[in-house]
Amino acid sequence: MPHVIIDGHIYEFEGKPGLLQFCLDHGIELPHFCYHPSMSVPANCRQCLVDVGAPVRDRASGEIQTHEDGNPVIRYFPKLQTSCSHVIADGQVVHTARTSKKVARAQQDTLEFLLINHPLDCPICDQAGHCPLQIQAYKYGPEGSRFEFQKVHKPKKVKLGPRVVLDAERCINCTRCTRFTDEISKSHQLTIIERSVKNYPITPPGVTFDEPYSMNVIDLCPVGALTSADFRFQARIWELASAPSIAPANAKGSNCYLWTRDNLVLRITPRHNPNVNEYWLPDEDRLVYHRFNANRPLGPQVRGAGGTLCEATWDDAFRAAADVLAKAGERTVFIASAFATVEDNWLLLQLAQSLGAEIAGYIEHIEPGHGDGWLRTDDRTPNSEGCRRLGLMPVDAVVLRARLAAGAIGALYVLEDDPIAAGLCSVEDLGDVPVVLHYYNTTNETLHAAQVVLPAAMVAETIGTFVNEDGHAQRVVPAKAIRDTNRTLMMQMGLSRADRHGTPFDRWHNEAHYVNCKPSWELLPEVARRLGVDLQHGGPRRIMRKISEKLPAFEGATYEVMGLQGVLLPERVAEEAPENA
């Protein structure tokens, strides 16, 4: 087996791996700025320099020459090599800054050159605290600066487009941003202008940086040169907690991190998953965080005698919902949701079957022409594939309206969707039909026709499983707390900071940021209990285990198997009605 010796340790390898990526894969830290595993290798930052040597072979025999002690004679390259562009060969010896003073000095000098004209504005930079240049300057850079002249000035606060702002003075010309637009998104909307210490990335004349993946350059930028127009100056990294999740803006289910402060989601960034979205995230998935914070409900409501929705306790709302279902009985029509988790839709199926009622299906949200064959899809929901694997089909709007007009529907139970806004029916169509609605935001138009409204937890607040259009089952954990958080949610709270979501003694703690809602896997059993139906399940983990055992389309989709990267489900053969649990 071919091997390479790095800082005195022997590592075996196969093929022709790049040295830098090989080191990173084996936990060997090598500082770098311009390198990215999904893009070309320009080797222009020079920060990943290493000292490389190879065994000397006898020209005549081809045998490796050895010293008297039996160790091979190593001949080193005359100059240090950029590890990002160097391909490993059998028997090579590599020294990093840990074992070579020459390499350590070279990296220190490189950083000194990069910092000569870099502005000293870390205290106001959005990148401070998670800036590779800042971190590497402390670890590998000089103790201080010898530069005593005026720094080169470049344009600042330049809006390249609606979502990205440039501070050219911070740019170190790694070219990650321009390579992204040339090689990954292929929009070619960024280029480098000027020369030497005066160059920086900018849009060509007459071009606006408005491609649907523009915000990826913010993550790629190893300094604070490219920042988010939306998140700029909103919070410092050490004030934020992050939780792994998926983006709910389309059917791709791109992996992401939800970043919260004071129990508000303030930004969304990509999470690497080679099977789904690799390193990237569309802008639409990043900006969806506003839904998690704005226009959230204040609590359950029941329509009173005067025709207006009135605040109610959870117990009163559950009883009112149960009364609606009890009166309508098997004439109740349930509508599932491609926004809700697999577990929520499964429980809805069980509730409908216990009443002998039917589920009309789920509401499709298709935007023709929106998809691009990559990370954006025409389907604007995250779980339509999960619904289909449960045996649910899209609601037939014509049939639904006809049945409403004929008085054939006694009640409508809507799970986490908005049939009026979706065009399935109008307020007038539902005039004499009581509606029970699980909803996320007060902008939901079906609120105007609902008899009982139950605020439901969103992706950022619940636990559950979503299946993307390719059949990858992925689970989510809560990034923010809700009012009266139950033990199951608390145990899965995916926050990274020790203080979790704050306490009343924190000066930044705001009780109004705790939404009075519940996950639908908690709401549905409570409504069922008032009807004398037992839907208690022991938590979403057990629900998903049960689904994976009963339905072949979900075989293997347990929480343990899914982890945080998800699992590819068996190919869906046909839409079969789910078995009764």
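Only a predicted model underlies this, so the values are computations on that prediction, with no experimental measurement involved. (Residues numbered from 1 in each chain as written. Predicted model: local features only at pLDDT ≥ 70, side-chain atom pairs only at ≥ 80, totals over all residues. Heavy atoms only, no water.)

Peer 1: Please explain the pairing of strand β23 (residues 472–476) as it appears in this structure.
Peer 2: Regular strands place their side chains on alternate faces of the sheet. Counting buried positions along β23 gives five out of five residues, so the element sits mostly inside the fold. Here β23 shows a buried face lined by His472, Gln474 and Val476 and a second buried face lined by Ala473 and Arg475. Pairing of strand β22 (residues 464–467) with β23, which is carried by four bridges, proceeds in the antiparallel orientation. Pairing of Phe466 across the sheet is with Gln474, part of β23. As consecutive antiparallel partners, β22 and β23 are separated by four residues, and within that stretch Gly471 has a phi angle of approximately 90°, a positive value. Inspection of the sheet shows β23 paired to strand β24 (residues 567–568) by two bridges, in the antiparallel sense. Counted as the bridge partner of Ala473 is Val567 from β24. (Buried < 20%, exposed > 50% of the residue type's maximum accessible area, 1.4 Å probe, protein only. Helix = DSSP H or I, 4+ residues; strand = E, 2+ residues; numbered from the N terminus. Pairing = 2+ DSSP bridges.)

Peer 1: Help me understand the packing of aromatic side chains, please; the structure alone is not making it clear to me.
Peer 2: Any aromatic ring pair is given by two values, namely how distant the centres are and how the planes are angled relative to each other. Under the defined criterion, the tally for this structure stands at eight aromatic pairs. Summarising the aromatic geometry, the rings of Tyr11 and Phe22 are spaced 6.2 Å apart at their centres and angled 90° between planes, so their arrangement reads as edge-to-face. Here Tyr11, found in strand β2 (residues 9–12), pairs with Phe22, found in helix α1 (residues 19–25); they are eleven residues apart in sequence, far enough to count as distant. Given the relative accessible area of 19%, Tyr11 is considered buried. For the pair Tyr213 and Trp374, a centre-to-centre distance of 4.4 Å together with 35° between the ring planes defines the contact as tilted. Of this pair, Tyr213 sits in the loop between β10 (200–202) and α5 (216–220) while Trp374 sits in the loop between β18 (358–362) and α10 (384–389); the two residues are 161 residues apart in sequence, bridging distant segments of the chain. Trp374 sits in the partly exposed class, given a relative accessible area of 27%. Chaining the aromatic ring pairs together yields one cluster made of Tyr11, Phe13 and Phe22. Directly above the aromatic system of Trp259 lies the positively charged group of Arg267, at a separation of 4.7 Å from the ring centroid. (Phe/Tyr/Trp six-rings, centres within 6.5 Å; stacked < 30°, edge-to-face > 60°. Lys NZ or Arg CZ within 6 Å of the ring centre and 35° of its normal.)

Peer 1: Please explain the domain arrangement of the protein chain as it appears in this structure.
Peer 2: Accessible area lost upon the coming together of the parts serves often as the stated size of an interface. One can read the domain layout of the protein chain as domain 1 (3–111), domain 2 (117–228) and domain 3 (301–459 + 516–538). Between the C-alpha centres of domain 1 and domain 2 there is a distance of 29 Å. Of the residues lining the interface, 16 residues belong to domain 1; the matching set on domain 2 comes to 19 residues. In this assembly, domain 1 packs against domain 2 so that about 1,500 Å² is buried in total across both faces, 55% of it on carbon and sulfur atoms. Of all residues in domain 1, Phe33, Met39 and Leu111 give up the largest surface area on contact with domain 2, accounting jointly for 42% of the area buried on that side. (Domains from an automatic or database assignment. Contact = heavy atoms within 4.5 Å. Buried area = accessible area lost by both parts, 1.4 Å probe.)

Peer 1: Explain the pattern of salt bridges here, please?
Peer 2: Side-chain pairs of opposite charge can arise whenever the charged atoms involved come near each other. Summed over all chains, the structure comprises 27 salt bridges. Note that Asp219 is salt-bridged to Arg286, the shortest N-O span being 2.4 Å. In this pair, Asp219 sits in helix α5 while Arg286 sits in helix α6 (residues 283–286), placing the two residues 67 residues apart along the sequence. By relative accessible area, which is 33% here, Asp219 ends up partly exposed. (Salt bridge = Lys/Arg side-chain N within 4 Å of Asp/Glu carboxyl O.)

Peer 1: Looking at this model, I keep getting lost on helix α9 (residues 342–355). Mind explaining?
Peer 2: An α-helical turn contains 3.6 residues, so a residue and the one three or four places further along point in the same direction. The terminal C-alpha atoms of α9 lie 20 Å apart, and with 14 residues this matches the ideal 20 Å at 1.5 Å per residue to within 8%. Across the 14 residues of α9, twelve count as buried, placing the element largely inside the fold. Every buried residue of α9 is accounted for by Val342, Glu343, Asp344, Asn345, Trp346, Leu347, Leu348, Leu349, Gln350, Leu351, Ala352 and Leu355. Once α9 ends, the next one or two residues include Gly356, with phi positive near 70°. (Expected span 1.5 Å × (residues − 1).)

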